[in-house]
Amino acid sequence: MNRRSLFKALALCAALASGFGSHDAAAQEKTVKVGVLHSLSGTMAISETVLKDVALMAFEEINAKGGVMGYKIVPVVVDPASNWPLFAEKARQLLTQDKVAVVFGCWTSVSRKSVLPVFEELNGLLFYPVQYEGEELSKNVFYTGAAPNQQAIPAVEYLMSKDGGGAKRFVLLGTDYVYPRTTNKILRAFLKSKGVQDKDIDEKYTPFGHSDYQTIVADVKKFSAGGKTAVISTINGDSNVPFYKELGNQGLKATDVPVVAFSVGEEELRGVDTKPLVGHLAAWNYFMSVKSPANDEFKKKWAAYAKAKGIAGHKDKPLTNDPMEATYIGVYMWKQAVEKAKSFDTDKVIVAMAGQTFKAPGGFISTMDAKNHHLHKPVFIGEITADGQFNVVWKTPGPIKAQPWSPFIAGNDKKKDEPDVTVKTAAAPKKS
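Residues numbered from 1 in each chain as written. Predicted model: local features only at pLDDT ≥ 70, side-chain atom pairs only at ≥ 80, totals over all residues. Heavy atoms only, no water.

## A short note on the nonpolar core
Item 1. Grouped together as the largest cluster of nonpolar side chains are 71 residues, with contacts concentrated most on Leu37, Trp302 and Trp334.
Item 2. With 9 residues, helix α10 (residues 322-341) is the largest single contributor of residues to this core.
Item 3. Dropping the residues within four chain positions of it, Leu37 is found in contact with Glu48, Val78, Pro80, Phe87, Lys90, Ala91, Leu94, Val103, Phe104, Gly105, Cys106 and Val115. (Core = buried A, V, L, I, M, F, W, Y, C linked by side-chain atoms within 4.5 Å. Buried < 20%, exposed > 50% of the residue type's maximum accessible area, 1.4 Å probe, protein only. Helix = DSSP H or I, 4+ residues; strand = E, 2+ residues; numbered from the N terminus. Contact = heavy atoms within 4.5 Å.)

Quick look at the structure:
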């Protein structure tokens, strides 16, 4: 080979080496996979789809500010399609195949119960953003929604008060699964402790996706003839639309029989004529109408994000609600815990989550309890207004500590207010 050919060959090698080097640098951008496990189809999509969207918004915000410890979040979104066994399959896929560091997901308690053994077996981390029945405490779950003493009990106390109408009789109306049945078991015991007799409590359940509430609403009207009555609704998903329409059809006004809902927020009222529903109630830990600078900022960010992404419904009429706030808080607390732990390792992040705080959109400082994996949260009771929003009529002075084990269930006084950490672990590498 002559000198000229040799120099050409060396120059070519150098160029190739340079090209490969820059490719490797680009390929080595640090990333961490994060799972999103929400129903994007089926009966629960009406409630869950927007939680996927607000999680993606939070990830985008975090990535724009440098990620988590310099790692860019790569979301892995799956659709368990309101199919409870499929939740477990998708959770296993996220943890074993996708190797996600954390999962944000589930709405119904039956979906959470479905995935719980998977997270405990594989030592995964789940942030669960919806109010629930309590009676559970897991090392591998952080509950950013309300326990019964942060929603159900205060709501019923309000209904029994003079301001709430002084209800003496109660219809417990829910979807037929673990959350409504366990919540109503707790509420029955609570009502009995207040002197309410069994004859003054009517308990009814309908399947997921139920749409014909004509007979049930007629029965409620009949039952209410026996004295001042209130309905406590734990109906979930798209069944809320026909239920509220039927209340309007039969003229069941809040002044006659108030309904307080635990799973109906701004999103579920979208597309419902709320004029006949004015004055009916919902109990949550956040409402879109809450006045605070933090909420103004949250709503503004959501409106801009929904418009930019063309999110159905929200691009024209952006709404926020309680589980969206709980999702948002969870994402940021996880980020803070990872950075405190200086690791994505599940066990180290769990330790670092204790006592995490975050200025919540609702205007309060949310605190993760040092032991029980639940947030300290304020409670708001709001009346439905004609525009589908809620006017807050009652609230706690500040955040209250969650009671995962309700004192109204026998034997709970002997249960520990911290999770058992002796679960089987099989930690997998988390970063990609």
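## Notes on the packing of helix α2 (residues 45-64) against α10
Item 1. Running from amino to carboxyl end, α2 crosses α10 at an angle of 35°, the nearest separation of the two axes being 9 Å. Remark: the crossing between α2 and α10 carries right-handed chirality. Contact residues: α2 offers Val50, Leu51, Val54, Ala55, Met57, Ala58, Phe59, Glu61 and Ile62, while α10 offers Pro323, Met324, Thr327, Tyr328, Val331, Tyr332 and Lys335. (Axes fitted to C-alpha atoms, helices over the stretch in contact; angles between N-to-C directions. Left-handed = near helix turned anticlockwise from the far one by under 90°.)

## A few points about α10
Item 1. Taking 1.5 Å of rise per residue, 20 residues should cover 28 Å, and α10 covers 28 Å from first to last C-alpha, within 8% of that figure.
Item 2. Burial analysis of α10 places 16 of its 20 residues in the buried class, the great majority of the element.
Item 3. Where α10 begins, the capping side chain belongs to Asn321, and its oxygen is found 3.0 Å from the backbone nitrogen of Met324.
Item 4. Count one or two residues on from α10 and you reach Lys342, which has phi positive near 55°. (Expected span 1.5 Å × (residues − 1). Polar contact = N/O pair within 3.5 Å; in protein donor to acceptor, adjacent residues only side chain to side chain.)

## Looking at the sheet that holds strand β7 (residues 201-206)
Item 1. Strand order across the open sheet formed by 7 strands is β7-β6-β8-β9-β10-β14-β15, with mixed pairing between neighbours. Edge positions in the sheet fall to β7 and β15 (390-395), since each has one partner strand and no second. Between one strand and the next, the sheet's axes are offset by a mean angle of 25°, whatever the strand orientation.
Item 2. In terms of strand pairing, strand β14 (residues 380-384) meets β15 through 5 bridges, oriented antiparallel. (Pairing = 2+ DSSP bridges.)

## Here's the deal with empty space enclosed by the protein
The rolling of a water-molecule-sized probe over the atoms marks out the regions of remaining empty space.
Item 1. Enumeration over the complete set of coordinates arrives at 1 cavity of 30 Å³ or more.
Item 2. Looking at the largest cavity, its volume works out to about 60 Å³.
Item 3. Around the largest cavity, the lining residues are Asn285, Glu325, Ile329, Ala360, Gly362, Gly363, Phe364, Ser366, Lys377, Pro378 and Phe380.
Item 4. Across the lining of the largest cavity, the residue classes tally to 5 nonpolar, 4 polar and 2 charged. (1 Å grid on protein atoms, 1.4 Å probe; cavity = no way out; pocket = protein on both sides within 12 Å on 5 of 7 lines; lining within 4 Å. Points joined across faces, edges and corners; volume = space filled by probe spheres on them. Nonpolar A, V, L, I, M, F, W, Y, C, P; charged D, E, K, R; others polar.)

## Comments concerning the pairing of strand β2 (residues 72-78)
Item 1. Sheet topology places strand β1 (residues 31-37) next to β2; 7 bridges connect them, and they run parallel. If you follow Val36 over to β2, its bridge partner there is Val77.
Item 2. At this point the chain moves from β1, through α2, to the parallel β2, and the crossover so formed is right-handed. (Right-handed = clockwise from strand over helix to strand, strands pointing away.)

Interpretation in functional terms is not warranted from these geometric data alone.
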